[in-house]
Amino acid sequence: MIGFIGGGNMAEALIKGIGRAGDIMISEPSEQRRLHIEKTYAVNTTNDNKALAAAADIIIIAVKPQIISTIAEELSGMDLSKKTLVSIAAGVSISYLKHAFRTDNVVRVMPNTPALVLKGMSVISAADGISPEQMDKIAGIFASIGKIHFLPERHMDAVTAVSGSGPAFISFFAEAMIKGGMALGLDEETVTLLTIQTLNGTSELLASRSPAALIKMVSSPGGTTVAGLQVMQERDAAGLVADVLRAAASRSAELNIKISE
Ligand SMILES: NC(=O)c1ccc[n+]([C@@H]2O[C@H](COP(=O)([O-])OP(=O)(O)OC[C@H]3O[C@@H](n4cnc5c(N)ncnc54)[C@H](OP(=O)(O)O)[C@@H]3O)[C@@H](O)[C@H]2O)c1
């Protein structure tokens, strides 16, 4: 059985992805959330984290990072060594999880918000103790909400910057496009339609060609695209994006240290 501790946004996306066929249970303090999950997904819920941990083979910890130590304390009398513990909490390291929950069977995953529409990107790092069979099960769970990729844990701060925070950076760009289009005289509804459909179409095209190839396809010498790209180069937009990612990754590293202490 797959047990979720925390029935918030990310847990809900995973429940949606796994589907009704999966043997799932959720532990969640909010009665309103429990009723919502029971009604919408026909999944059993409880407000007892210990009962859930005792019943589940795979325990997915889907609470905010600050709550993890409370959960570890609550489960401190239990032997979790035969279970697989999966954490999706940003900035909580495998070594912290092993120490706090006293088990070597630990997997750390960084999903992202597009999981809510089953288009997520989840990066998976496992502790050495995880068997190939356990890994296959975990991979299957996260594959149900989008794409999965395996990386050593040392890359998690970069992953957090690119795919974890990425939806916010891309949304910032979309918002700027919308404001820029309005400044050119388009109404908000129209420019929002144009921007979002352009983002959707572009991301589909990028599935089968490189960004450089797509830029070349759109640009004709002396044309409109080249005029816009020239401003991007003059203002070093690529350098700005690199700085944005660096700031997000170093904040992720800072949070890591705080949680591990
Ligand atoms: N959302 C994302 O895009 C994203 C991406 C990557 C990673 N993550 C990670 O995923 C985790 C969950 O994020 P989220 O967006 O799903 O957060 P969320 O919507 O706030 O969900 C967390 C849930 O845990 C519940 N909870 C609080 N204390 C609990 C306890 N002691 N025992 C059991 N459940 C408890 C909360 O209930 P109450 O509301 O009643 O407190 C809430 O329903 C976070 O660690 C985050 O870092 C999220």
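Cut-offs and rules
- Residues numbered from 1 in each chain as written.
- Predicted model: local features only at pLDDT ≥ 70, side-chain atom pairs only at ≥ 80, totals over all residues.
- Heavy atoms only, no water.
- Buried < 20%, exposed > 50% of the residue type's maximum accessible area, 1.4 Å probe, protein only.
- Helix = DSSP H or I, 4+ residues; strand = E, 2+ residues; numbered from the N terminus.
- Axes fitted to C-alpha atoms, helices over the stretch in contact; angles between N-to-C directions.
- Contact = heavy atoms within 4.5 Å.
- Nonpolar A, V, L, I, M, F, W, Y, C, P; charged D, E, K, R; others polar.
- Parallel < 35°, antiparallel > 145°, perpendicular 65-115°, else oblique.
- Left-handed = near helix turned anticlockwise from the far one by under 90°.
- Near = heavy atom within 4 Å.
- Polar contact = N/O pair within 3.5 Å; in protein donor to acceptor, adjacent residues only side chain to side chain.
- Areas by Shrake-Rupley, 256 points an atom, 1.4 Å probe, with all protein chains shown as cover.
- Pairing = 2+ DSSP bridges.

A look at helix α1 (residues 9-18)
In step 1: Along α1, the residues that are buried comprise Met10, Ala11, Glu12, Ala13, Leu14 and Ile15.
In step 2: Gly19 occupies a position one or two residues after α1 and carries a positive phi of about 85 degrees.

Some thoughts on the packing of helix α7 (residues 156-164) against helix α8 (residues 166-183)
In step 1: Their axes nearest at 5 Å, the elements α7 and α8 cross at an angle of 35 degrees. Together, Ala161, Val162, Ser163 and Gly164 of α7 and Gly166, Pro167 and Phe169 of α8 make up the contact between the two elements.
In step 2: For the contact of α7 with α8, the class distribution of residues is four nonpolar, three polar and no charged.

Here we look at the packing of α8 against helix α9 (residues 188-205)
In step 1: The geometry of α8 relative to α9 is characterised by a closest axis approach of 9 Å and an angle of 140 degrees between their N-to-C directions. With respect to α9, the axis of α8 lies oblique. Pair α8 / α9 crosses with right-handed handedness. Of the residues in α9, those touching α8 at Ile170, Ala174, Met177, Ile178, Gly181 and Met182 are Glu188, Val191, Thr192, Thr195 and Leu199.
In step 2: Its residues placed into classes, the contact of α8 with α9 shows seven nonpolar, three polar and one charged.

A few points about the site of the ligand
In step 1: Near the ligand there are 23 residues, and of these Met10, Glu28, Asn49, Val63 and Thr113 occur at the shortest range.
In step 2: One nitrogen or oxygen atom from the side chain of Asn49 is found 3.0 Å from a nitrogen atom belonging to the ligand.
In step 3: Within the side chain of Thr113, one N or O atom sits 2.9 Å away from an oxygen atom of the ligand.
In step 4: Here the ligand, which alone exposes 890 Å², has 74% of that area covered by the protein.

Observations regarding the sheet that holds strand β6 (residues 106-110)
In step 1: With mixed pairing, eight strands are arranged side by side in an open sheet as β3-β2-β1-β4-β5-β6-β7-β8. Looking at which strands have only one partner, the edges of the open sheet turn out to be β3 (44-46) and β8 (146-150). Strand-to-strand, the axes of this sheet are offset by a mean angle of 25 degrees, without reference to chain direction.
In step 2: In terms of strand pairing, strand β1 (residues 2-5) meets strand β4 (residues 58-61) through four bridges, oriented parallel. Looking at the pairing, Ile2 lines up with Ile58 of β4.

A few points about the environment of Leu35
In step 1: If you trace the backbone, Leu35 turns up in helix α2 (residues 31-41).
In step 2: On a C-alpha basis, the gap between Leu35 and Ser87 in space is 24 Å, while along the polypeptide they are 52 residues apart.

Shape descriptors only; they carry no functional weight alone.
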